[in-house]
There are 2 protein chains.
Amino acid sequence: MREQIKTWQHVFKLDPDRTISDDVLAKVCKSGTDAIMVGGSSGVTYNNTVDLIKRISLHDIPCVLEVSDLEMVVPGFDLYMIPLVLNTNDSQWMIGQHVSAIEQYSHFIPWDKLVPEGYIVLNADSTVARRTEALTEIDLDRAVAYAQAGDRLFHLPIIYIEYSGRFGDMELTGEIRRSTHQAQLFYGGGIRDVHSARQAKQVCDTIVVGNIIYENLQAALDTVQVISR
Amino acid sequence: MREQIKTWQHVFKLDPDRTISDDVLAKVCKSGTDAIMVGGSSGVTYNNTVDLIKRISLHDIPCVLEVSDLEMVVPGFDLYMIPLVLNTNDSQWMIGQHVSAIEQYSHFIPWDKLVPEGYIVLNADSTVARRTEALTEIDLDRAVAYAQAGDRLFHLPIIYIEYSGRFGDMELTGEIRRSTHQAQLFYGGGIRDVHSARQAKQVCDTIVVGNIIYENLQAALDTVQVISR
């Protein structure tokens, strides 16, 4: 399954803390997207995560959990994405919390199901930027250097450009893609229609579509058109 | 050359800031050690590093530079070891300084010659611990968790247990070796004779012998006996 990620071009991200009807969930799961990623920056609990994975598992679609809080670690996901924030001075978001989790769970950790993601968080107004004290005021060269550190020093399989809440800098995203060696480039933030989805898809490997699902389902479903086979 | 590191059982570490005669240097290089690592925690400059590499290059021995300061980056080494301190809250020692270096050197970086090392710094009284504000007061479980994060999340090729200046906890070192998956385990600190060298070699892959070279050459040379072929 870890290898399968490399083929993903489009992912829908569902937030356990937000309400989604069975009908909408079915449409999202059957949309043709490559996978469902479950994750959120706040309000995520064991119970609302269990509830969502149970409902998603009724559909035939790869489903991965992005672990932003230990409380939300629920068995049954195909993979567990482990975010590490690269552009912060506070190392708890890069290694500290992860070490605490490893110490706590120790022998129960399914290492083969973990996929570390190197986040570069770039929207200062987002919850994730505030929570992780991300250094969002960096220029293109420095963002590229963070990506290269994640790609070449830490050998992370995924670099994730996160503009959560607004559409980001496509020049920067494209330059990062050109500058990385082995990492797959995820882009997330502000994709609200097929047009912005196409723009983002041109400069990264995998686009992540989230909020718009809850605001304009049809526009969200349309973004799946960026997938080329 | 990066693959060759895996065969290293014994390494001598030479400090550019310390004086070594041609005669002593020749004995160290011809000792049978697997490699010479050039590095130091303070007083390392471009000039004293150039001087040392020039003199080592007269001998037929792999020679790598451990880059603890950008000022000491000198061409001509076989490999460049890039230390990342895992057990610190200050992420500049894990990624920040590296990002600045990548940004500064950009296209001139010989990526294929870089080898990241995940340091776990455990002697509170050492220069490196003070400089990096290392969290040295950690128990065995937490040290193991740091090593596993470096090994499994960051996929670092080397985990380096650093007791710089005193002989460390062999139980902890052995437990880390048993708990890691793919990383090669380096141990350094307080190896002063063949007896302590043997103790350390039993619980790690590669021992690093440093200070004793300058204090008791014969005792240092004797440590090479731990190599088994």
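Residues numbered from 1 in each chain as written. Chains lettered and ligands numbered in written order. Predicted model: local features only at pLDDT ≥ 70, side-chain atom pairs only at ≥ 80, totals over all residues. Heavy atoms only, no water.

An unreviewed UniProt entry annotates chain A as Heptaprenylglyceryl phosphate synthase of Paenibacillus nicotianae. Regarding chain A, the relevant UniProt record gives this comment under Catalytic activity (unreviewed entry): "sn-glycerol 1-phosphate + all-trans-heptaprenyl diphosphate = 3-heptaprenyl-sn-glycero-1-phosphate + diphosphate". In UniProt, chain A has this text filed under Subunit (unreviewed entry): "Homodimer." (UniProt positions renumbered as here; feature names shortened; annotations may be inferred.)

Undergrad: Teacher, can you tell me more about the relation of the copies chain B and chain A here?
TA: A rotation about some axis, followed by a shift along it, carries one copy of the chain onto the other. Mapping chain B onto chain A is achieved by rotating through 180° and translating by 0.0 Å along the same axis, at an RMSD of 0.0 Å. Interpreted geometrically, this transformation is the action of a two-fold axis. With an isologous cut-off of 70% or more, the 97% of interface residues of chain B that recur at the interface of chain A puts this contact in the isologous class. (Least-squares fit on C-alpha atoms with pLDDT ≥ 70 in both. Contact = heavy atoms within 4.5 Å.)

Undergrad: What exactly am I supposed to notice about the sheet that holds strand β6 (residues 158–162) of chain B here?
TA: Remark on secondary structure: sheet strands pair via backbone hydrogen bonds, oriented parallel or antiparallel. Residues and elements named next belong to chain B. The 8 strands lie next to each other as β1-β2-β3-β4-β5-β6-β7-β8, forming a closed barrel whose pairing is parallel. Strand after strand, the sheet turns through a mean of 30° between neighbouring axes, direction not considered. In the sheet, strand β4 (residues 79–85) pairs with strand β5 (residues 114–121) via 6 bridges, with the strands oriented parallel. Looking at β5, one finds that Ile82 is bridged to Pro116. (Pairing = 2+ DSSP bridges. Helix = DSSP H or I, 4+ residues; strand = E, 2+ residues; numbered from the N terminus. Axes fitted to C-alpha atoms, helices over the stretch in contact; angles between N-to-C directions.)

Undergrad: Explain the UniProt feature "binding site: Mg(2+)" (unreviewed entry) in chain A here, please?
TA: All names here are of chain A. In the UniProt entry, the feature "binding site: Mg(2+)" (unreviewed entry) is given for Asp15 and Ser41. Across 27 residues of sequence, these annotated residues stay compact in space, with a maximum C-alpha separation of 8.5 Å. By relative accessible area, Asp15 is classed as buried at 17%. Among the structural elements, Ser41 can be located in the loop between β2 (35–38) and α2 (46–56). Classification of Ser41 by relative accessible area gives partly exposed; the value is 29%. Those residues in contact with Ser41 that sit more than four places away from it in its chain are Thr127, Val128 and Arg131. (Buried < 20%, exposed > 50% of the residue type's maximum accessible area, 1.4 Å probe, protein only.)

Undergrad: Where do I start with helix α5 (residues 140–153) of chain A in this structure?
TA: Each turn of an α-helix holds 3.6 residues, which means side chains three or four residues apart point in the same direction. Residue and element names in this part refer to chain A. Look at α5: 19 Å from first C-alpha to last across 14 residues, which is about the 20 Å you get at 1.5 Å a residue. When you tally the buried positions in α5, you get 10 out of 14 residues, the bulk of the element. When α5 is considered as a whole, its buried residues turn out to be Ala143, Val144, Ala145, Tyr146, Ala147, Gln148, Ala149, Gly150, Asp151 and Leu153. Positive backbone phi, approximately 50°, marks His155, located one or two places after α5. (Expected span 1.5 Å × (residues − 1).)

Undergrad: Teacher, can you tell me more about the pattern of salt bridges here?
TA: Pairs may arise between side chains of opposite charge once their charged atoms sit close together. A full pass over the atoms with the stated rule returns 20 salt bridges over all chains. In this structure, Lys13 of chain A engages Glu66 of chain A in a salt bridge whose closest nitrogen and oxygen atoms are separated by 2.9 Å. You can see Lys13 of chain A sitting in strand β1 (residues 10–14) and its partner Glu66 of chain A sitting in strand β3 (residues 63–66), a full 53 residues away along the chain. Of the two residues examined, Lys13 of chain A and Glu66 of chain A, each falls in the buried class. Here Arg178 of chain B and Glu175 of chain B are joined by a salt bridge, their closest N and O atoms 3.0 Å apart. Of this pair, Arg178 of chain B and Glu175 of chain B both sit in helix α6 (residues 170–179), 3 residues apart, which is roughly one turn of the helix. Under the relative-accessibility criterion, Arg178 of chain B is labelled exposed at 61%. (Salt bridge = Lys/Arg side-chain N within 4 Å of Asp/Glu carboxyl O.)

Undergrad: When you look at a nonpolar patch on the surface in this model, what are you seeing that I'm missing?
TA: A surface patch of nonpolar side chains, amounting to about 310 Å² of accessible area, comprises Leu70, Tyr105 and Phe108 of chain B. The topology assignment puts Leu70 of chain B in the loop between β3 (63–66) and β4. (Patch = residues over 30% accessible without salt bridge, like charges linked within 9 Å, V, L, I, M, F, W, Y side chains within 5 Å. Areas by Shrake-Rupley, 256 points an atom, 1.4 Å probe, with all protein chains shown as cover.)

Undergrad: When you look at the pairing of strand β8 (residues 206–209) of chain B in this model, what are you seeing that I'm missing?
TA: The two faces of the sheet receive side chains in turn, since in a regular strand these alternate between them. Residue and element names in this part refer to chain B. Along β8, one buried face is formed by Thr206 and Val208 and the opposite face, lined by Ile207 and Val209, is buried too. Taken together, the 3 bridges between strand β1 (residues 10–14) and β8 define a ladder with parallel strand orientation. In the sheet register, His10 faces β8, and the bridge partner there is Ile207. Across 3 bridges, the pairing between strand β7 (residues 184–188) and β8 is parallel. Residue Tyr187 lies in a different strand from β8, and its bridge partner there is Ile207. For the handedness criterion, the β-α-β arrangement of β7, helix α7 (residues 194–203) and β8 is classed as right-handed. (Right-handed = clockwise from strand over helix to strand, strands pointing away.)

Undergrad: Help me understand the UniProt feature "binding site: sn-glycerol 1-phosphate" (unreviewed entry) in chain A, please; the structure alone is not making it clear to me.
TA: Residues and elements named next belong to chain A. Within this structure's numbering, the places UniProt gives as "binding site: sn-glycerol 1-phosphate" (unreviewed entry) are Lys13, Tyr160, Ile161, Glu162, Tyr163, Ser164, Gly165, Gly190, Gly210 and Asn211. Mapped onto the elements, Ile161 comes out in strand β6 (residues 158–162). When neighbours within four sequence positions are excluded, Ile161 is seen to be in contact with Ile120, Leu122, Thr173, Ile176, Leu185, Phe186, Tyr187 and Gly188. One can find Gly190 in the loop between β7 (184–188) and α7 (194–203). Judged by relative accessible area, Gly190 falls into the partly exposed class, the value being 23%. If we skip the residues at most four places from it in the chain, Gly190 touches Gly165, Arg166, Phe167 and Ser196.

Undergrad: Sorry if this is basic, but what is going on with the packing of α6 of chain B against α7 of chain B here?
TA: Between two packed helices, what matters for the description is the angle formed by their axes and the separation of those axes. All names here are of chain B. Between α6 and α7, the least distance of the axes is 8 Å, while the angle of their chain directions is 30°. Judged by the inter-axis angle, α6 sits roughly parallel to α7. Residue-level inspection shows Met170, Thr173, Gly174 and Arg177 of α6 in contact with α7, the latter providing Gln199, Ala200, Gln202 and Val203. In terms of residue class, the contact of α6 with α7 is made up of 3 nonpolar, 4 polar and 1 charged. (Parallel < 35°, antiparallel > 145°, perpendicular 65-115°, else oblique. Nonpolar A, V, L, I, M, F, W, Y, C, P; charged D, E, K, R; others polar.)

Undergrad: Could you clarify how one ought to interpret the environment of Val209 of chain A in this entry?
TA: Residue and element names in this part refer to chain A. Tracing the backbone through its elements, the reader meets Val209 in strand β8 (residues 206–209). Taking the C-alpha atoms as reference, Val209 lies 8.0 Å from Gly190; in sequence the two are 19 residues apart. The residues contacting Val209, other than those within four sequence positions of it, are His10, Val11, Phe12, Lys13, Ile191 and Thr223.

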